[in-house]
Amino acid sequence: MVVDDHPMWREGVSRDLAAAGYDIVATTGEGRQAVRIAAAARPDVVVLDLQLPDISGVEVIQGLLEAAPGVRVLMLSASGEHHDVLAAVKAGATGYLLKSAGAAEFLDAVGRTAAGDAVFTPGLAGLVLGEFRRMATEPAPAEGPAPKLTERETEVLRLVAKGLSYRQIAERLVLSHRTVQNHVQNTLGKLQLHNRVELTRYAIEQGLD
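Note that the structure is predicted; figures quoted are calculated from it, not measured. Starting from 1, residues in each chain are numbered consecutively following that chain's sequence as written. Confidence filtering applies because this is a predicted model: local features only for residues at pLDDT of at least 70, side-chain atom pairs given and counted only at 80 or more, and all residues used for totals across whole chains, interfaces and linings. Excluded from the side-chain calculations are hydrogens and water; all other atoms, namely the structure's heavy atoms, are used.

Q: Explain the overall build of the chain here, please?
A: In terms of helices and strands, the chain carries ten helices and five strands. Restricting the contact set of the chain to residue pairs at least 6 apart, pairs at least 24 apart contribute 65%. Helix and strand definitions here come from DSSP, where helices need a minimum of 4 consecutive H or I residues and strands a minimum of 2 consecutive E residues; each element is numbered from the N-terminal end. Contacts between residues were defined by any pair of non-hydrogen atoms, one from each residue, lying within 4.5 Å.

Q: Sorry if this is basic, but what is going on with unusual backbone geometry here?
A: Glycine aside, a negative phi is what most residues show, and trans is what most peptide bonds show. A positive phi is found at arginine 42, a non-glycine position, where the angle reads about 50 degrees. Positionally, arginine 42 belongs in the loop between α2 (31-41) and β3 (45-48). Despite not being glycine, valine 174 shows a phi value in the positive range, around 55 degrees. Here valine 174 lies in the loop between α8 (166-173) and α9 (177-191).

Q: Help me out: how do you make sense of the nonpolar core in this one?
A: Core analysis: the largest hydrophobic core is formed by 29 residues, its most contacted members being Met1, Leu48, Val60, Ile61, Leu64, Met75 and Tyr96. Of all the secondary-structure elements, those providing two or more residues to this core are α2, β3, α3 (57-67), β4 (72-77), α4 (82-91) and β5 (95-98). Discounting chain neighbours no more than four positions away, the residues touching tyrosine 96 are Leu50, Leu74, Met75, Ser77, Ser79, Asp84, Val85, Ala88, Val119, Phe120, Thr121 and Leu124. To qualify as a nonpolar core, a set must consist of buried Ala, Val, Leu, Ile, Met, Phe, Trp, Tyr and Cys residues joined through side-chain atoms within 4.5 Å. The buried label goes to any residue with under 20% of its type's maximum accessible area, the exposed label to any with over 50%, and the partly exposed label to all in between, with areas taken from a 1.4 Å probe on protein chains only.

Q: How should I be thinking about the pattern of salt bridges in this particular structure?
A: Note on pairing: side chains with opposite charge can pair once their charged atoms come close. By convention in these notes, a salt bridge is any Lys or Arg side-chain nitrogen within 4 Å of a carboxyl oxygen on Asp or Glu. A full pass over the atoms with the stated rule returns six salt bridges. Of the charged contacts in the structure, one is a salt bridge between lysine 190 and glutamate 153, with a shortest N-O distance of 2.8 Å. With a gap of 37 residues between them, lysine 190 in helix α9 and glutamate 153 in helix α7 (residues 151-161) connect regions that are remote in the sequence. On the basis of relative accessible area, glutamate 153 is assigned to the buried category, the value being 5%. One connected set of salt bridges, linked through shared partners, spans Asp4, Asp49 and Lys99.

Q: Can you help me understand the packing of α2 against α3 in this one?
A: The description of two helices packed together rests on the angle between their axes and the distance between the axes. Packing of α2 against α3 leaves a shortest axis separation of 8 Å and a crossing angle of 15 degrees. One element, α2, and the other, α3, form an angle in the roughly parallel class. Helix-helix and strand crossings are classified by hand; for α2 and α3 the assignment is right-handed. Across the interface between the two elements, Gly31, Ala34, Val35, Ala38 and Ala39 of α2 pack against Val60, Gly63, Leu64 and Ala67 of α3. Here an angle of 0 to 180 degrees is reported between the N-to-C directions of two axes, which are lines fitted to C-alpha atoms, with helices fitted over the stretch in contact. Angle categories are assigned with fixed cut-offs, so that under 35 degrees is roughly parallel, over 145 is roughly antiparallel, 65 to 115 is roughly perpendicular, and the rest are oblique. Handedness of a crossing follows from how the near helix is turned relative to the far one, being left-handed for an anticlockwise turn of less than a right angle and right-handed for a clockwise one.

Q: I keep staring at the environment of alanine 39 and nothing clicks. Help me out?
A: Note that alanine 39 resides in helix α2. We classify alanine 39 as partly exposed; its relative accessible area is 37%. When the C-alpha positions of alanine 39 and proline 69 are compared, they lie 9.1 Å apart, and in sequence the two are 30 residues distant.

Q: I tried to follow the pairing of β3 on my own but got confused; where do I start?
A: Taken residue by residue, a regular strand's side chains alternate between the two faces of the sheet. Here β3 shows two buried faces, one formed by Val45 and Val47 and the other by Val46 and Leu48. Across two bridges, strand β1 (residues 2-3) lies against β3 in parallel orientation. Each bridged residue has a counterpart across the sheet, and for valine 2 the counterpart in β3 is valine 47. Pairing of β3 with β4, which is carried by four bridges, proceeds in the parallel orientation. When DSSP finds two or more bridges between a pair of strands, those strands are recorded as paired.

Q: Looking at this model, I keep getting lost on α8. Mind explaining?
A: Residues spaced three or four apart along an α-helix face the same direction, because each turn holds 3.6 residues. Considered for burial, the residues of α8 that qualify are Tyr166, Ile169, Ala170 and Leu173. The arc enclosing the buried residues of α8, seen along the axis, measures out at 100 degrees, which places them on a common side. Opposite the buried face of α8, at more than 90 degrees from it, the exposed residues are Glu171 and Arg172. The inward-facing, buried residues of α8 abut α7, α9 and α10 (196-205). Along the arc lie the directions from the helix axis toward the C-beta atoms.

Spelled out as structure tokens, the structure:
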């Protein structure tokens with residue numbers, strides 16, 4: 001699903017995605033409508049602009065995750081302001097790409113987002129990891145014992161925290177891409193987390209980076 005309030009941009013992005021073989025289940029220029037549509041259409045990936053006329057992109061992300069659990073949100077924004085990037089990621093966006101990206105970079109980002117990778121415009125990944133490391137130094141509320149992860153799950157988690165893609169992790173550990181995805185999904189379930197961004201933050205808080 002493509003959500004952008006500029007019709008020409010929205011239509012152009014949709015054409016590029018369709019030409020690359022993706023099914024476009026819906027397009028809209030309003031945040032509230034996007035949340036309503038997502039609840040019915042259940043898209044795998046939402047390409048979302050940050051600035052919308054009715055509600056903020058951050059509110060849209062939160063609404064999308066509630067309406068369609070498991071959906072992955074790739075922000076496609078003209079803003080590279082640090083506070084915009086961090087607000088989107090903390091709300092649950094899987095990735096953040098600037099609109100200055102080329103078509104090939106955009107299509108690659110959509111594919112990686114669909115596969116569960118956290119995708120960022122070069123330079124922004126370091127910002128997000130740095131913020132997670134800063135937050136990890138803050139005192140955390142007392143909780144029960146951490147769930148027990150297998151040695152392999154911990155190994156994969158450590159590489160996730162370093163910012164490696166699933167493909168890179170698979171090559172590093174001599175595993176298939178699908179096996180890496182399965183380890184990540186199992187870890188998400190054990191830790192009761194929702195996406196790779198939350199998983200990265202957890203790994204950093206546990207000192208696995």
